[in-house]
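Tertiary structure, described
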Amino acid sequence: MTDSKKIGVTELVLRDAHQSLLATRFRYSDMESALKDLDSVGFWSVESWGGAIFDSCIRYLGEDPWERIRKIKSMMPNTPQQMLLRGQNLLGYKHYSDDVVNKFVECSKKNGVDVFRVFDALNDTRNMHQALQAVIGVEGHAQGTISYTTSPVHTIDLWVDLAKRIQDMGAQSLAIKDMAGLLKPYVAFELVSKLKDELEIPVHLHCHATTGFSVATGVKAIEAGLDVIDTSISSMSMTYGHTPTETMISILDGTNRETDLNLEKLKPIAEHFQSVRKKYKKFEGSLRGVDARIISSQVPGGMLTNLENQLKAQDSIDKFDNVIKEIPKVRKELGYIPLVTPTSQIVGTQSVINILSGSRYSTITNEVKSLLKGEYGETPASVDKNLQQQAIGDSAVITCRPADLLNDDFQSAKEDFEKAMTENNLMSESSDENILIYTMFPEIGVNFLANIDNPDYFEAEPLEIHELTDSAYLVTVDDKEYSVTLKADNSVVINDGSQINETKSDAKVEAGLGTIIEAPLGGNIFRTIASEGDSVEADATVLILEAMKMETEIKAPSAGIIAKIFVKPGDTVKPGNPLFEIQS
Ligand code: CO
């Protein structure tokens, strides 16, 4: 061992653990009673915010994400709170102006975030620069990140060069973010050894357990001189998640790299999360142990759960293996981009469309077009030129820092917010926090602000469930207990013999004179562009479907008249559901 410094630990249970294992659904109410215990452990930091938390809070849970971090911070005065921040994308899915980035970081610091792990999905340092400067400006801890991936272009030298550039931007530490669990133990030893030789700032490691490498990778990285390791409490660890905190502490115990943490203090935390996790059973992915296919597909944990849930919702789970095989092909065509939010959704959604529609790139999402145009930044390798030509034609490709093309600022974001509030008859306060909710999530943000006092609008709180056997549960509803059995087809039988079945939509329409265009994948109708009776050109966008947080334009296959539109904004559709009829 090269170093006898104690290793620091970042606990992930409040953010990435449930993002990866339970589709980011943990409610604050199910964390609260564990916060004091978590605060007493002595973690280097607890990751509690950012990533998909903000989105999940306003989209599904009806929780104000700003209030969540304020409450966590006030309950945990002794522990630095850490967030995951997508550089110039903040927590949204596009680039924001430098002014908006500054305001977001300032608000996050003010509301309780101490450590900012800043990354960019393409590892384009130009997209991390402003966020890191903003964090330094408000005296937060600015951590730069390499999003680890493997490809013919990703060598150790490339990573070391990237890390040095991150250090040169003023980062106070460097994180290796191994979101797909692809960092092998001996590669980690080499990588961390080189980084420790070449860098002055501490090195942190974040590995997912999906491939089974994570525990060994952590140990080898620590042997090479790693400074801080990310882990998650045992009852919320492994599969799509991370190395268990207790396991790593025990492995290091008695060595010259031991931690300062006490296993006894982790017991009540593990018990708490073991108990509340049961309530979220329906969000669990199907992975048990390790899925070795991930080693070739490079699909990160969170993305796998999302794909599974999406394909289940679309009655297409039988296509799962085909989608997994499609992902590396799409990734290569898009310049070997790492798979991490938002690129994981971009590649995932396009792969789902390529498989479910039965024809590769017959529909290309707006996000794939933007990527091919250079709007996300520079890809690690060149994109497929034929695909680029097909997607964007002769449009110019952007080569400057993408955010340099933005001319909005926080003042214009404020004006847009106030206009949206007036248009929607909402009285939400024009606070920086509310403006940022709206700026990052315009449609969902308005719905959230409109329904903040209306819990019925959001997902129902999960029921208190006590497991009796593998398939039998005690469910408490309004203080009454029901014994229920979950059957293999996911239907639920209550002990009085009645059965709850998932309702299936069978909306099938007989073809009229025209051509019926069906949904290529399941999702929500985001917006209709054309109206019934409109005459449209071939390739004109008729409506926009939102699936997996991505917008997909549904186009007219030929010129004609829109005879009928079968859906309206907000409708949920499954693949094959009719969207519109066109007559030529
Ligand atoms: Co992660």
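Look up a bit, the structure's there.
Parameters at a glance
Residues numbered from 1 in each chain as written. Predicted model: local features only at pLDDT ≥ 70, side-chain atom pairs only at ≥ 80, totals over all residues. Heavy atoms only, no water. Pairing = 2+ DSSP bridges. Helix = DSSP H or I, 4+ residues; strand = E, 2+ residues; numbered from the N terminus. Axes fitted to C-alpha atoms, helices over the stretch in contact; angles between N-to-C directions. Donors = N, O, S within 2.8 Å, 3.2 Å for Na, K, Ca; no water. Buried < 20%, exposed > 50% of the residue type's maximum accessible area, 1.4 Å probe, protein only. Phe/Tyr/Trp six-rings, centres within 6.5 Å; stacked < 30°, edge-to-face > 60°. Core = buried A, V, L, I, M, F, W, Y, C linked by side-chain atoms within 4.5 Å. Contact = heavy atoms within 4.5 Å. Expected span 1.5 Å × (residues − 1).

Moving on, we get to the sheet that holds strand β3 (residues 81-85). Taken in spatial order, the 8 strands line up as β1-β2-β3-β4-β5-β6-β7-β8 and close into a barrel, and their pairing is parallel. This sheet shows a mean twist of 30 degrees between the axes of neighbouring strands, independent of strand direction. The pairing of strand β7 (residues 203-207) with strand β8 (residues 228-231) spans 2 bridges and is parallel. From the neighbouring strand, L205 faces β8, where its bridge partner is I229.

Quick look at the coordination of the cobalt ion now. Taken together, D16 (OD), H206 (NE2) and H208 (NE2) make up the protein donors of the cobalt ion, found 1.9 to 2.2 Å from the metal. The motif formed by the donor residues of the cobalt ion, counted along the single chain, is D-x189-H-x1-H. Here D16, found in helix α1 (residues 13-21), pairs with H206, found in strand β7; they are 190 residues apart in sequence, far enough to count as distant. The class of D16 is buried, set by a relative accessible area of 3%. Overall, H206 belongs to the buried group, its relative accessible area being 1%.

The full count for this structure, using the stated rule, is 12 aromatic pairs. Each ring, one from W49 and one from F104, has its centre 6.1 Å from the other, and the planes form 10 degrees; the classification is stacked. Linking W49 in strand β2 (residues 45-50) with F104 in helix α5 (residues 98-111), this pair joins segments that are 55 residues apart in sequence. Of the two residues, W49 and F104, neither departs from the other in class, the shared state being buried. On the numbers, 5.8 Å between centres and 55 degrees between planes, the contact of W66 with F104 is tilted.

Turning next to the nonpolar core. General note: in soluble globular proteins, nonpolar side chains tend to be found buried as a group. One finds L14, L85, F104, I176, F273 and F580 to be the most contacted residues of the largest nonpolar core, which totals 158 residues. Tallying contributions element by element places helix α7 (residues 156-168) first for this core, with 6 residues. Not counting residues up to four positions away in its chain, the partners in contact with F273 are V13, L14, F26, D30, A34, I233, S235 and M236.

The phi torsion at T24 lies on the positive side, around 60 degrees, for a residue other than glycine. Positionally, T24 belongs in the loop between α1 and α2 (32-41). For T24, a relative accessible area of 7% gives the class buried.

Between its first and last C-alpha atoms α5 spans 20 Å; for 14 residues at 1.5 Å apiece the expected length is 20 Å, and the two agree. When α5 is considered as a whole, its buried residues turn out to be V100, V101, K103, F104, V105, C107, S108 and N111. At the exit of α5 stands G112, carrying a positive phi of roughly 135 degrees.

Before going further, it helps to examine the environment of L545. Secondary-structure assignment places L545 in strand β17 (residues 541-547). Residue class for L545 comes out buried when judged on its relative accessible area of 0%.

Below, the discussion takes up the sheet that holds strand β19 (residues 560-565). On the basis of which strands lie adjacent, the open sheet formed by 4 strands has the order β14-β21-β19-β16 and antiparallel pairing. One side of each edge strand has no neighbouring strand; the edge strands of this open sheet are β14 (515-518) and β16 (535-536). Relative to strand β21 (residues 578-583), β14 runs antiparallel, the two being bridged by 4 bridges. Opposite T515, over in β21, you have I582 as the bridge partner.

Just geometry here; none of it tells us what the structure is for.
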